[in-house]
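# Residue-level structural notes
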Amino acid sequence: MSDREARVVAQVNKTLFLGGKWREASSGSTFPVEDPSTRKVLCDVADASKEDALEALDIAAEVQPEWARTAPRERGEILHRAYRLLMERQEDLAVLMTLEMGKPLAEARGEIAYAGEFFRWFSEEAVRIEGGFSTSPDGKARFLIMRQAVGPCMLITPWNFPMAMGTRKIGPAIAAGCTMVLKPAQQTPLSALALADILTEAGLPEGVLSVLPTTDPGGVTEPLLKDGRIRKVSFTGSTAVGRMLLEQSASQVLRTSMELGGNAPFIVFDDADLDAAVDGAMLAKMRNIGEACTAANRIYAQSGIAEEFSRRLSERMGALRLGRGLDDNVDVGPLIDDKARQKVQGLVDDAVERGAEVLVGGGRGEGPGHFYRPTVLANVPFAAELSNTEIFGPVAPVMPFDTEEEVLHAANDTEFGLVSYLYTRDLNRAFRVSEALETGMVGLNQGVVSNPAAPFGGVKHSGLGREGGRVGIDEFLDVKYVGIGGLS
Ligand code: NAD
């Protein structure tokens, strides 16, 4: 580690953040956090247990009523100060994120800015929690509609966007007046711990947020979900874990937000602007090393342009530089761990066995890290295993198609429904296909849909609820109606 890297790691509190205090795990246990580029241990972090989690819940439940009564403007100002602090510390936080997660530094900077925008957006939403007032249809009663904080929340986040997936939940929870217990991913606890520090400095009252890194996610979260005092769980991660959390949430009938896996189709029609489509495919595929729920997983190119599109995409992918995200001029970092790399290799092998052609890449990169080379596969048959599996790596499979009907059928032939992309210059087709795609989001002639001001989320097995946009705060509010009678 360079001096700068060591300084950035040294700055982070590595204990639990419990009820506004930093303290060791009650068991005294810690676990190592690794740099996926070097496989060296960066530091050890406190390992929370069920006892710590129940203590965090006691505090969250105790603080909840008073926190919900805090003036909305005050909650908004805490978020705005936190936004400014994130941006002031963008550089150090980006280095920290690259160290624990591997993404190139420029992308880590981008994620800090994206993460900060959730705080800015919800600082503005905190003062716009509106209700309603109306007269009943028979004229005899009045309806007063109010929206109130749901109560203590369990927040669970993944490793691929260690900062933004946290602020996307913490922002609206603070704006709505909810207390919360955050369990970050084991691979990337440092960004979440740094965030707790920033929120404290921004004035978040003690006990509103606890952060519990752990090697025993189920052991820490399940007792809380079954306790009865947690009123909501907001989860971002795989569909398999999301499904299990939904089952656990049933016992206390919890409100749930589920941002789950994706399998995005990226469709390029013959009439598309091919330069724009290649630019869009690079973004949709390679953002975050391909480790994004929004990643283009199946690239469908119409037969008139399939060859030319694959050629141009291969040129661009072949020019990318693979390496440690903190080194200069690196475009693509390592995968998160060896399991991820083996999974990607298995999917490439399967596609090749079924007749796909490797145009570029197709194997592990050099060095001790979990590197996989940017890869383009041409003529991938629809039946390849990667059609039904999130690749979560830098592999772009191009599948040729002939007709709109055929590609729509293939695009929708999956249990996932997070996002789809389509490139065409035909306005009728743009609307027709956008309406027919079974996904919560569509990128029409653009390769990125994530925006704090827009409602992010999926349909089918990709999840429930939306994060960001005007509806993002609704996930943390209950609707109450007061019927007013006795009027003459
Ligand atoms: P994961 O489901 O393995 O883990 C996500 C989180 O759940 C982690 O904090 C993990 O510790 C926790 N977890 C694991 N087992 C648990 C259990 N038994 N009980 C409670 N918590 C448990 O997913 P991951 O590998 O960290 O992230 C990648 C997945 O996340 C991909 O499927 C990706 O598509 C998805 N994702 C979705 C979105 C979205 O907005 N839809 C965004 C980012 C990532």
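Note that residues are indexed from 1 along each chain, following the sequence as it is written. Owing to the predicted nature of the model, reporting of local features is limited to residues with pLDDT of at least 70; listing and counting of side-chain atom pairs is limited to 80 or more, with chain, interface and lining totals taken over all residues. As a convention, hydrogens and water are excluded, and side-chain values are obtained from all of the structure's heavy atoms.

### Topic: the overall build of the protein
To keep it simple, the criterion reads: Counting from the N terminus, the helices are the DSSP runs of H or I reaching at least four residues and the strands are the DSSP runs of E reaching at least two. Burial classes follow relative accessibility: with a 1.4 Å probe on protein chains only, a residue under 20% of its type's maximum area counts as buried, one over 50% as exposed, and anything between as partly exposed. Contacts between residues were defined by any pair of non-hydrogen atoms, one from each residue, lying within 4.5 Å. Where accessible areas are quoted, they stem from the Shrake-Rupley method and a 1.4 Å probe; at the residue level, only the protein chains shown are allowed to cover. Residues counted as positive are Lys and Arg, residues counted as negative are Asp and Glu, and His and the chain ends are not counted. Charge positions come from single atoms, namely NZ of Lys, CZ of Arg, CG of Asp or CD of Glu.
Along the backbone of the protein there are 14 helices and 20 strands. Dimensions along the principal axes, computed over C-alpha positions, put the protein at roughly 70 × 65 × 40 Å. Classification of the 488 residues of the protein by burial places 56% in the buried group. Contacts in the protein between residues far apart in sequence, at least 24 positions, make up 73% of those at least 6 positions apart. Summing over all exposed atoms, the protein offers an accessible surface of approximately 19,100 Å²; the carbon and sulfur share of this is 49%. Positive and negative side-chain charges of the protein, numbering 51 and 68 respectively, have mean locations separated by a distance of 4 Å.

### Focus on the domain arrangement of the protein
Counted only if it meets this: Where each domain begins and ends is defined by an automated method or by a domain database. A quick way to say it: buried area is the sum, across both parts, of accessible area lost when two parts are put together, with a 1.4 Å probe.
When the domains of the protein are assigned, the result is domain 1 (3-261 + 462-481) and domain 2 (264-415 + 419-450). Taking only C-alpha atoms, the centre of domain 1 and the centre of domain 2 are 31 Å apart. Taken together, the contacts link 24 residues of domain 1 with 27 residues of domain 2. A buried area of about 2,100 Å², summed over both sides, lies between domain 1 and domain 2, and 57% of it is on carbon and sulfur atoms.

### Details of the packing of aromatic side chains
Spelled out, the test is: When two rings of Phe, Tyr or Trp (its six-membered ring) have centres within 6.5 Å they constitute a pair, described as stacked for plane angles under 30 degrees, edge-to-face for angles over 60, and tilted for the intermediate range.
On inspection of all chains with the given rule, the structure shows eight aromatic pairs. Ring plane angle 90 degrees and centroid distance 5.8 Å describe the contact between Trp159 and Phe392, whose orientation is recorded as edge-to-face. Taken together, the residues span a long stretch of sequence, with Trp159 in the loop between β7 (153-156) and α6 (164-176) and Phe392 in the loop between β15 (375-378) and β16 (395-401) at a distance of 233 residues. Classification of Phe392 as buried rests on a relative accessible area of 18%. Summarising the aromatic geometry, the rings of Tyr300 and Phe382 are spaced 5.4 Å apart at their centres and angled 80 degrees between planes, so their arrangement reads as edge-to-face.

### Section: helix α7 (residues 189-201)
In an α-helix, one turn spans 3.6 residues, which is why side chains three or four residues apart end up on the same side. Condition: To estimate the expected span of a helix, count its residues, drop one, and scale the result by 1.5 Å.
Taking 1.5 Å of rise per residue, 13 residues should cover 18 Å, and α7 covers 19 Å from first to last C-alpha, within 8% of that figure. Burial within α7 is extensive, with ten of its 13 residues counted as buried. Buried within α7 are the following residues: Pro189, Leu190, Ser191, Ala192, Leu193, Ala194, Leu195, Ala196, Ile198 and Leu199. Positive phi appears at Gly203, one or two residues downstream of α7, with a value of about 105 degrees.

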